[in-house]
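Listed here are the chains, written in short residue letters.
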Amino acid sequence: MRSWSLKTKVSVYCLLLTTLALLGTALMIFPVVYRQQLNELDDNLRANAKQLYEDVLVKYKPTQPGSKQKPMTVILPAALQRRYVVINYGDTEIFRSRVPSFKSVDLRALGPGDHTVRLPDADRDSRFVQAQYDKCTIWVGTRLGVLDDTQATLRMAYWIAIPTAMLLVFFGGRLLAGSALSPVSAMTSAAERIGANAPDERLPVPQSNDEILRLTVVLNQSFDRLQRAYNSAARFSADASHQLKTPIAVLRAGLDEMRSCGYLEPMERETVDTLVAQTRRLTTLVEDLLLLAQADAGRLKIEPLPIDLTPILSTVVDDTEVLGDEKQLVVTLHAPAQLYAKGDPRRINIILQNLTENAVKYNRQNGKLRISAQREGAWVTISVANTGSAIPDQHRDRLFERFNRAGMGENIKGHGLGLNIARELARAHGGDLVLVRSDGEWTEFALKLPATEAPMLNLAPALKVVAA
Amino acid sequence: MRILVVEDETQLSLHISRALTRANHTVEIRHDGAEGFEQARSGQFDLILLDINLPNMDGFTVLRKLREAHIHTRVLLLTARGEVGDRVNGLKAGADDYLTKPFAMEELLARVEVLGRRTATPNNETLLEAGPLRMDVVHRKLTRNGAQVALSPREFELLQIFMQEPGRTFSREEICERIWEREHEYDTRTVEIFIMRLRKKLSVSESDPPLIETVRGVGYTMKLPA
């Protein structure tokens, strides 16, 4: 129910309400109609009785007691032929309809008024009224089958009407809800277009002056505010890049000049070298922060080119072996001969460097480091695993957060941005970076990148200009 | 070479100019885009170092207007913005090369040399030779006296740096910088390990003098047998 569209919800609510209303009406109407029909029937029977008296019985002369004269025969008017009729004159029954099941029924016990009676051998009730005219007591009755038939027809009509109404209401409701919500759909598709690609576009303002119009106006104002914030964030990263890197460039140029002038003492030279290394560190940090600023502003874009992962992986292994030299790590690579992903090789390198550096840092002496890559359907998974102690459970969730060192010990260097940057870059590629396991035996991270086929034109291996 | 430096950061232009002068180039400096353009239009320079963020007229515009005026002096763009888009824009606008700030002065000088040579020989040095070594940069193959030597990717890059400029001394810091663009855990010690591995692969016998020599307190150089 929660996942239903608004349109469906509205139509289903309409449907339920209508069904309830129709059933409620039916429950109320059926007895009322029955009552009404019964009253009409009673009136009818009474009229029959009255007619019988006025047309026939007024002229009735009873035979005197002891007289040999034959009793006067009562002949029913045509309208009453189909009724049950019993006529008593005084205490003497002078007429009874010739219906077998009616023969022995004593109606006198019923008393005056209207009665519903089940005759013997009958499968349905009958209705009788008793009327008193002068000395004549007249009972006129009829089977209630007619009424039952009417009720059945009525029920039948309802059985047809309710589903029809349900269908009508459901689809009509959908149609109505759809047309009422069509400005919302238009807004949704416009809002989807508004993004980093079309930040200037706004929601279409509807002609009608209703709730949707007010919502549109409010949303457009929010988009304006967001765009201003976005623009200033974008300007910030461009400006900050320039503002931060220029002084580093001056510093660096000055240090290079000192180094090249040739009259430095060895110790001074060592200091200058250290300072140069620090400017590089500063540059990397500035670049990392700008990269994160771009990611936050949604401006971190990757130009996806098909790239051959094989040389990238072997270079990473090469670096990792040397980095792990001190800890005497055994580095292994498992990868197919051909593996292509869509992405930016520089960025993928950054991700892999971050992962392998961590795998060296948090490894144990004489430990193992395993890099493996394989294609799984539309994805390439590169996993980097190292031996060493497990990451404590309480730190796993925060592993990818910024400036989080996950309690891995203060003596391990790094600024705590590595995994965060790696994940941002992986996601900018449309992939992801996750911790697969960390159980004390292996700690394994998996990088998922969109896979691709080898480019059709197999150009000569890309020329790497070392100075670039 | 006569070089025009258009850079608004005075300190930086000063250092650049000193370094270029020491390398026997004639340098003129402008701190403003419009002035830089006027100066460049004279066409009397062999190379222009052009910053992108400039007062009055930005570097891209200067470059575009120069090319429109049919001034084809080679241009090396300098920028603090390392974004790929900038690099592509710069090269599209007609720049010959692109260098992001901060940069190593040695690298700037090397690029300047390459751009200066471009008139005579094409830059694509795909076959490098040094003593007994022959390096095929495109197919990433190395032979020593005709026999193939298998190098790991980094070892290959390292040797390429030496073979591009045999006889020059490279500091550990410069090597580190040229191989790993970003600062990482890789430091000068990493370079030492790679040099050790490379030497081992290149040496034929223990008695053989190493091709890559350590210059005490400075760095490494590749010495060519006389």
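Parameters at a glance
Here the residue numbering is sequential within each chain, running from 1 through the sequence in written order. Chains and ligands are labelled by the order in which they are written, letters from A for the one and numbers from 1 for the other. Selection of residues for local features in this predicted model requires a pLDDT of at least 70, selection of side-chain atom pairs for listing and counting requires 80 or more, and totals for whole chains, interfaces and linings are taken over all residues. The side-chain figures draw on all heavy atoms in the structure; neither hydrogens nor water molecules are used. Going along the chain from the N terminus, every DSSP run of H or I of four or more residues is numbered as a helix, and every run of E of two or more is numbered as a strand. Note on exposure labels: buried denotes an accessible area under 20% of the residue type's maximum, exposed denotes more than 50%, and partly exposed covers the range between, all computed with a 1.4 Å probe on protein chains only. For this analysis, residues touch if any pair of their heavy atoms sits within 4.5 Å. Reported accessibility uses the Shrake-Rupley method at a 1.4 Å probe radius. Residues are deemed covered only where the shown protein chains occlude them. For this analysis, a salt bridge means a side-chain nitrogen from Lys or Arg found within 4 Å of a carboxyl oxygen belonging to Asp or Glu. Two N or O atoms form a polar contact when they lie within 3.5 Å of each other; inside protein one atom must be a possible hydrogen donor and the other a possible acceptor, and for residues adjacent in sequence the pair counts only when both atoms belong to side chains. Under the convention adopted here, Pro, Cys and the residues Ala, Val, Leu, Ile, Met, Phe, Trp and Tyr are nonpolar, Asp, Glu, Lys and Arg are charged, and Gly plus all remaining residues are polar. Each pair of strands is called paired provided DSSP finds at least two bridges between the two strands. A fitted line through C-alpha atoms represents every axis, and for helices the fit uses only the stretch in contact; the resulting angles, taken between N-to-C directions, go from 0 to 180 degrees. The pLDDT value tells you how sure the predictor is about a given residue, anywhere from 0 up to 100. Here the angle decides the label: under 35 degrees means roughly parallel, over 145 means roughly antiparallel, 65 to 115 means roughly perpendicular, and every other value means oblique. Should the near helix be turned anticlockwise from the far one by less than a right angle, the crossing is left-handed, and should it be turned clockwise, the crossing is right-handed. Any Phe, Tyr or Trp ring, taking Trp's six-membered ring, that has another such ring centre within 6.5 Å forms a pair; planes under 30 degrees apart are called stacked, those over 60 apart edge-to-face, and the others tilted. For a ring to carry a charge above it, either NZ of a lysine or CZ of an arginine must fall within 6 Å of the ring centroid while also lying within 35 degrees of the normal to the ring plane. What is meant by a nonpolar core is a set of buried Ala, Val, Leu, Ile, Met, Phe, Trp, Tyr and Cys residues, joined one to another through side-chain atoms within 4.5 Å. Delimitation of the domains relies on an automatic or database domain assignment.

### Some thoughts on the overall build of chain B
The number of helices and strands found in chain B is 8 helices and 12 strands. Here chain B, with 226 residues, has 49% of them falling under the buried criterion. By sequence separation, contacts in chain B at least 24 residues apart represent 54% of the contacts at least 6 residues apart. Carbon together with sulfur atoms contributes 48% to the accessible area of chain B, which is approximately 10300 Å² in total.

### Some remarks on unusual backbone geometry
Residues and elements named next belong to chain B. In this chain, Lys 101 is followed by Pro 102 through a cis amide linkage whose omega measures -10°. Tracing the chain through its elements places Pro 102 in the loop between strand E5 (97–100) and helix H5 (105–117). The phi angle at Asn 24 is positive, at roughly 65°, despite the residue not being glycine. The residue Asn 24 is located in the loop between helix H1 (10–22) and strand E2 (26–30) in this model. A relative accessible area of 67% places Asn 24 in the exposed class. Positive phi, close to 50°, is recorded for Arg 140, a residue that is not glycine. The residue Arg 140 is located in the loop between strand E7 (133–136) and strand E8 (141–144) in this model. On the accessibility criterion, Arg 140 (30% relative accessible area) is partly exposed.

### Overview of the interface of chain A and chain B
With 48 residues of chain A at the interface, the matching set in chain B holds 48 residues. For the pair chain A and chain B, the number of links is 8 salt bridges. One salt bridge in this structure joins Asp 325 of chain A and Arg 189 of chain B, with 3.6 Å as the shortest N-O distance. At the junction of chain A and chain B, the tally comes to 13 residue pairs in polar contact (both at pLDDT 80 or more). Those elements that provide at least two residues to the side of chain A that touches chain B are helix H3 (211–260), helix H4 (266–296), helix H5 (309–323) and helix H6 (345–361) of chain A. Considering every element that reaches the side of chain A that touches chain B, the biggest residue donor is H3 of chain A, with 14 residues. Considering only residue class, the side of chain A that touches chain B consists of 15 nonpolar, 12 polar and 21 charged.

### Side note on the sheet that holds E8 of chain B
Residues and elements named next belong to chain B. Taken in spatial order, the 4 strands of this open sheet run E6-E7-E8-E9, and their pairing is antiparallel. The sheet terminates laterally at strand E6 (127–130) and strand E9 (147–149), the two strands that pair on one side only. Going from strand to strand, the sheet's axes swing by 25° on average, the running direction of each strand aside. Pairing geometry for E8 and E9, over 3 bridges, is antiparallel. Of the residues in E9, the one forming a bridge with Thr 143 is Gln 148. Here helix H6 (residues 153–164) sits on the sheet in contact with E6, E7 and E8, set at roughly 115° to E7.

### Regarding the sheet that holds E2 of chain B
All names here are of chain B. Here 5 strands make up an open sheet; going across it, the order is E2-E1-E3-E4-E5 and the pairing parallel. The open sheet has two free edges, formed respectively by E2 and E5, since each of these has just one partner strand. Averaged over all pairs of adjacent strands, the angle between strand axes in this sheet comes to 20°, irrespective of strand direction. Where strand E1 (residues 2–6) lies against E2, 5 bridges are found, and the strand directions are parallel. Across the sheet, the residue bridging to Leu 4 is Glu 28, located in E2. Sitting on the sheet, H5 is in contact with E1, strand E3 (47–51), strand E4 (74–79) and E5, with an inclination near 160° to E4.

### Some words on the confidence of the model for chain A
Across chain A, the average pLDDT comes to 83, with 92% of residues at or above 70. Residue range residues 458–468 of chain A is modelled with pLDDT below 50. Its contacts to residues more than four positions away, or to other chains, number 17 contacts.

### Let's talk about the packing of H4 of chain A against helix H8 (residues 418–428) of chain A
Residue and element names in this part refer to chain A. Taken N-terminus to C-terminus, the directions of H4 and H8 make an angle of 45°; their axes are 10 Å apart at the nearest point. Between H4 and H8, the crossing angle belongs to the class labelled oblique. For the pair H4 and H8, the sense of crossing is left-handed. When H4 is examined against H8, the residues Asp 288, Leu 291, Leu 292, Ala 295 and Asp 296 are found in contact with a partner set consisting of Asn 420, Ile 421, Glu 424 and Leu 425. The residue inventory of the contact of H4 with H8, partitioned by class, reads 5 nonpolar, 1 polar and 3 charged.

### What to know about the side chain of Thr 283 of chain A
Structurally, Thr 283 of chain A is set in helix H4. Since its relative accessible area comes to 11%, Thr 283 of chain A is described here as buried. A distance of 2.7 Å separates the side chain of Thr 283 of chain A from the backbone oxygen of Thr 279 of chain A, its partner in a polar contact. Non-local contacts of Thr 283 of chain A, meaning those with residues more than four positions away in its chain, are made with Ile 248 of chain A together with Pro 102 of chain B.

### Examining the packing of aromatic side chains
Tallied over the full model, the rule gives 7 aromatic pairs over all chains. Taking 5.2 Å as the distance between ring centres and 85° as the angle between the ring planes, the aromatic pair formed by Phe 170 of chain A and Phe 171 of chain A counts as edge-to-face. One Lys or Arg, Lys 65 of chain B, reaches over the ring of Phe 37 of chain B and ends 5.1 Å from the middle of that ring.

### Here's the deal with the packing of H6 of chain A against H8 of chain A
Packed helix pairs are specified by the crossing angle of their axes together with the interaxial distance, meaning the distance between the axes. Residues and elements named next belong to chain A. One can describe the packing of H6 onto H8 by two numbers: an axis separation of 9 Å at closest approach and a directional angle of 145°. Of the two elements, H6 crosses H8, and the hand of that crossing is left-handed. In this structure, H6 contributes Arg 347, Ile 350, Ile 351, Asn 354, Leu 355 and Asn 358 to the contact, and H8 contributes Gly 418, Leu 419, Ile 421, Ala 422, Leu 425 and Ala 426. Considering only residue class, the contact of H6 with H8 consists of 8 nonpolar, 3 polar and 1 charged.

### A word on the pairing of strand E1 (residues 84–89) of chain A
Side chains on a regular strand alternate between the two faces of the sheet. Residues and elements named next belong to chain A. Summarising burial for E1: 6 of the 6 residues are buried, a large majority. The pairing of E1 with strand E2 (residues 92–96) spans 4 bridges and is antiparallel. Residue Ile 87 lies in a different strand from E2, and its bridge partner there is Phe 95. In textbook terms, the turn of a hairpin is the stretch between consecutive antiparallel strands, and for E1 and E2 this stretch comprises 2 residues, one of which, Gly 90, has a positive phi near 65°.

### Quick look at the side chain of Ser 383 of chain A
Locating Ser 383 of chain A in the fold gives a position in strand E10 (residues 379–387). Within the structure, Ser 383 of chain A has its side chain in polar contact with the side chain of Glu 444 of chain A (distance 3.1 Å).

### A short note on the nonpolar core
Ranked by internal contacts, the top residues of the largest apolar core, which has 42 residues, are Leu 309, Leu 352, Leu 369, Ile 382, Leu 433, Phe 445 and Leu 447 of chain A. Only H4, H5, H6, strand E9 (368–376), E10, H8 and strand E12 (442–450) of chain A provide two or more residues apiece to this core. Take this core: its biggest share by element is 7 residues, from H6 of chain A. Counting contributing residues, this core receives three or more from each of domain 2 (211–296) and domain 3 (305–450) of chain A. Sequence-distant contacts of Ile 382 of chain A, defined by excluding residues within four places in its chain, comprise Leu 309, Leu 313, Leu 352, Ile 371, Ser 372, Ala 373, Phe 445, Ala 446, Leu 447 and Leu 449 of chain A. One finds Leu 133, Val 137, Leu 142 and Tyr 220 of chain B within the second-largest nonpolar core, a separate group that totals 30 residues.

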